Amino acid sequence: MISPHGIDPSVPPSGTGCAECDAGGGWWFHLRRCAQCGHVGCCDDSPAKHATAHARDTGHPVIRSFEPGETWFYDYDTSDVYASGPPLAPPESHPADQPTPGPAGRVPADWADRLG
């Protein structure tokens, strides 16, 4: 069941990293999870900004951080940030041993200079 805010707590995340970056051999800074369909995309500081593109392309406005220890939600339609929200299907974040930025082996040495 989808809430009026576009959140479906029953849908698990699409994977442990940004779906598009993984498919194309890219890298990310932080990860965001679509609260409606579970798509995991990279944040707006990442070079490709796949989470925002997903929200724009699908009309799924609400994301949740997919970083360990972070529980905040963001609504692209209203620009509202929420400190927490409904529990989503596990896992709640990428694996704790996955580096940030990530994934290991694909992050360039000058990664900090490439952030958005």
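In case you missed it, the structure is sitting above this.
To keep things clear, this report deals only with the structure shown in the data block. This is a predicted model, so every value here is computed, not measured.

Membership of the largest hydrophobic core is limited to seven residues, which are C18, C21, W28, L31, V40, C42 and F66. Here W28 is in contact with G17, C18, C21, D22, C42, S46, Q98, P101, G102, P103 and R106, once residues within four sequence places are set aside. Core analysis: the next-biggest nonpolar cluster, separate from the first, contains five residues, I7, A35, F73 and L88 among them.

Next up on the list: the side chain of H94. If you trace the backbone, H94 turns up in the segment after strand 5 (80–82). Each residue touching H94, except ones within four places of it in the same chain, is listed here: T16, L31, F66, E67, P68 and T100.

Once that is clear, we can look at the packing of aromatic side chains. The geometry of two aromatic rings is summed up by the distance between their centres and the angle between their planes. Under the defined criterion, the tally for this structure stands at two aromatic pairs. A ring pair is formed by F29 and W111, whose centres lie 5.8 Å apart and whose planes are at 25°; its orientation type is stacked. Of this pair, F29 sits in the loop between helix 1 (19–24) and strand 1 (31–34) while W111 sits in the segment after strand 5, placing them 82 residues apart in sequence.

What follows is about the side chain of E67. By secondary structure assignment, the location of E67 is in the loop between strand 3 (62–65) and strand 4 (73–75). Despite being buried, E67 has no salt bridge partner; R32 is the closest side chain of opposite charge, sitting 4.9 Å away. A polar contact is formed between the side chain of E67 and the backbone nitrogen of L31, at a distance of 2.8 Å.

If you walk through the whole model with that rule in mind, you get four salt bridges. Between R106 and D22 there is a salt bridge whose closest N-O contact spans 2.7 Å. Here R106, found in the segment after strand 5, pairs with D22, found in helix 1; they are 84 residues apart in sequence, far enough to count as distant. Note that D57 is salt-bridged to R56, the shortest N-O span being 3.7 Å. On the accessibility criterion, D57 (61% relative accessible area) is exposed. With relative accessibility at 61%, the residue R56 sits in the exposed group.

Each value, and the rule that gives it
Residues numbered from 1 in each chain as written. Predicted model: local features only at pLDDT ≥ 70, side-chain atom pairs only at ≥ 80, totals over all residues. Heavy atoms only, no water. Core = buried A, V, L, I, M, F, W, Y, C linked by side-chain atoms within 4.5 Å. Buried < 20%, exposed > 50% of the residue type's maximum accessible area, 1.4 Å probe, protein only. Contact = heavy atoms within 4.5 Å. Helix = DSSP H or I, 4+ residues; strand = E, 2+ residues; numbered from the N terminus. Phe/Tyr/Trp six-rings, centres within 6.5 Å; stacked < 30°, edge-to-face > 60°. Lys, Arg positive; Asp, Glu negative; His and termini not counted. Salt bridge = Lys/Arg side-chain N within 4 Å of Asp/Glu carboxyl O. Polar contact = N/O pair within 3.5 Å; in protein donor to acceptor, adjacent residues only side chain to side chain.

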